[in-house]
Amino acid sequence: MHRPRFHLTAEATWMNDPNGLIRHDGAWHAFFQNNPLGSTWGNMSWGHAVSDDLATWTNLPVALPFSDTELIFSGSIVHDAKNTSGLGTSGGDGPLVAFYTSAFTPSHPTTPGIQAQSIAFSQDGGATWTFYADNPVLTRDSENFRDPKVFFHRESGRWVMVTVEALDHSVHVHVSDDLLAWESASVFTHPGLDGGIWECPDLLRVPTPGGGEDSWVLVLSTNPGGPAGGSGTYTLVGHFDGRRFTADAPPQPLDLGPDCYAAVSFSGVDGDPVLLGWMNNWAYAEQTPTAPWRSAMTLPRTLHLEPASDGSLQVIQHLVTPEEIRTLDLEVPATSAVLAELDAEEPFRLRGVLATGSAHRLVLRFGDGGRDRDLVLAVDSTGRVSLDRSSAHQEPFAPEHTHSLPYAPARAGDSISFDLVVDRSCVDLELDGGRALISQQIFPGARTVTVFTEPAA
Ligand code: FRU
């Protein structure tokens, strides 16, 4: 009863980071960190699923399996349309090239314990994969060098790879003409993000509002040090010249909730980048009460920039919401009222406007005739909005990670929009026209839900 319908899950095993996200030949491919043999982290391989609409996913066989000497850690995929790598067949439309981190195990004969970047390629649109014979293609003889995200930079005409040195809190930028030989271009670090190790970088090209040179958004995950505690994801808005990223503003949370990690974008997308995050948190991921599958991805979200009132650029995200989901448009008073009674097992979406002038709560009370479980969207007396799951679970869960970071609207005493998707255990909330997103897991295990409002106690 916890398994979501529209959030990607592995069929019967463990999942963490999204990997190799790509839109290719009209299909959305999501690969992911997967333990093909169990429900906890280990034996890391790339699982694979595909979707036509980003809402319904079909699981496919494991794409890149682990071996005795190598675990397949996180990475990305590009379509090498011009066959710059020479890995394609002549006359074909170019291979898909996957970049992943080889995490060499203690049994590796020459480089045990080292993490380096390696390649696999596919000639059949991602169905089957061949490991490149001369792996790894990039090594620093480091034990924490990982998570390659590769993209083509059209101004320089070169491929770019961003990776992390996780313990050093640095993002390494390498460039290449052929995806095989990589040259070091720069190293980025930032004093504002020192709460944990750095993982899973991505660099997104985003139009600058008002025109001119494109902006770039560095997406970076830290563990711990996340916005809501434990692991989480940040954005840094800045510039990129093909070799070096420069941040123009301090880091901002990508998501104010506890359950959005390792978020990265799909390759092959024109227009606004589309990202998926792992909807879990390293602080408690292995204790989530589902079996044998464990973990989901967030709903996809698009990202763009808008000018903020102080002249800076603000990251705006919109949930990509399944078209067929049951949707209720609610009038939400700041007084007490019952708004809806719903079947909790059927995914639903609630939209409306929250007055931020007085403290009140929108409560989703889950029940099955036994103890009530509440998910609370709370507005405090200063107009800040947060999502509280402290009593939303059937059994005690994540007691130290109960609240999102509060969202403080720029305009106090006004009102803000909300768009809340509840897909069984997966909750995604868009606030204030996309100025904030909150991802949270809940485990109410209930059949019904009553939606009501009440003034804050
Ligand atoms: C992030 C991460 C990555 C690594 C992968 C291993 O969650 O630790 O840095 O590649 O997971 O599963």
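Residues numbered from 1 in each chain as written. Predicted model: local features only at pLDDT ≥ 70, side-chain atom pairs only at ≥ 80, totals over all residues. Heavy atoms only, no water.

Enquirer: Account for the overall build of the protein, naming residues and giving values.
Expert: Broken down by element type, the protein carries 0 helices and 32 strands. The C-alpha atoms of the protein give a radius of gyration of 22 Å, which matches the 23 Å a tight globule of 457 residues would have. Along the three orthogonal principal directions, the C-alpha set of the protein runs to about 65 × 50 × 40 Å. The proportion of buried residues among the 457 residues of the protein is 60%. Considering only contacts in the protein between residues 6 or more positions apart, those separated by 24 or more positions represent 56%. Accessible area for the protein stands at about 17100 Å²; split by element, carbon and sulfur atoms hold 49% of it. If you average the places of the 27 positive and of the 56 negative side-chain charges in the protein, the two averages end up 4 Å apart. (Helix = DSSP H or I, 4+ residues; strand = E, 2+ residues; numbered from the N terminus. Rg over C-alpha atoms; globule rule 2.2 N^0.38 Å. Buried < 20%, exposed > 50% of the residue type's maximum accessible area, 1.4 Å probe, protein only. Contact = heavy atoms within 4.5 Å. Areas by Shrake-Rupley, 256 points an atom, 1.4 Å probe, with all protein chains shown as cover. Lys, Arg positive; Asp, Glu negative; His and termini not counted. Charge placed at Lys NZ, Arg CZ, Asp CG, Glu CD.)

Enquirer: Account for the packing of aromatic side chains, with residues named and values stated.
Expert: A full pass over the atoms with the stated rule returns 18 aromatic pairs. Relative to Phe131, the ring of Tyr100 lies with its centre 5.9 Å away and its plane at 75°, an arrangement referred to as edge-to-face. You can see Tyr100 sitting in strand 6 (residues 96-104) and its partner Phe131 sitting in strand 8 (residues 130-131), a full 31 residues away along the chain. We classify Tyr100 as buried; its relative accessible area is 0%. Owing to a relative accessible area of 36%, Phe131 belongs among the partly exposed residues under this scheme. The interplanar angle of 65° and the centroid separation of 6.0 Å between the aromatic rings of Phe151 and Phe240 together place this pair among those described as edge-to-face. Of this pair, Phe151 sits in strand 10 (residues 145-153) while Phe240 is found in strand 16 (residues 232-240), placing the two residues 89 residues apart along the sequence. Accessibility expressed as a relative area gives 12% for Phe151, which makes it buried. The structure contains a cluster of three or more aromatic residues connected by ring pairs, namely Trp14, Tyr261, Trp278 and Trp282. Over the ring of Phe145 we find Arg140; its NZ or CZ atom is 5.7 Å from the centre of that ring. (Phe/Tyr/Trp six-rings, centres within 6.5 Å; stacked < 30°, edge-to-face > 60°. Lys NZ or Arg CZ within 6 Å of the ring centre and 35° of its normal.)

Enquirer: I'd love a proper account of the site of the ligand, names of residues and values included.
Expert: Asn16, Asp17, Gln33, Trp41, Met44, Phe73, Ser74, Arg146, Asp147, Glu199, Tyr261 and Trp282 make up every residue found near the ligand. The separation between an oxygen atom of the ligand and a polar side-chain atom of Asp17 is 2.7 Å. Here an oxygen atom of the ligand sits 2.9 Å away from a polar atom, N or O, in the side chain of Trp41. Listing elements by their share of the shell around the ligand, those giving two or more residues are strand 1 (14-24), strand 5 (70-79) and strand 10. (Near = heavy atom within 4 Å. Polar contact = N/O pair within 3.5 Å; in protein donor to acceptor, adjacent residues only side chain to side chain.)

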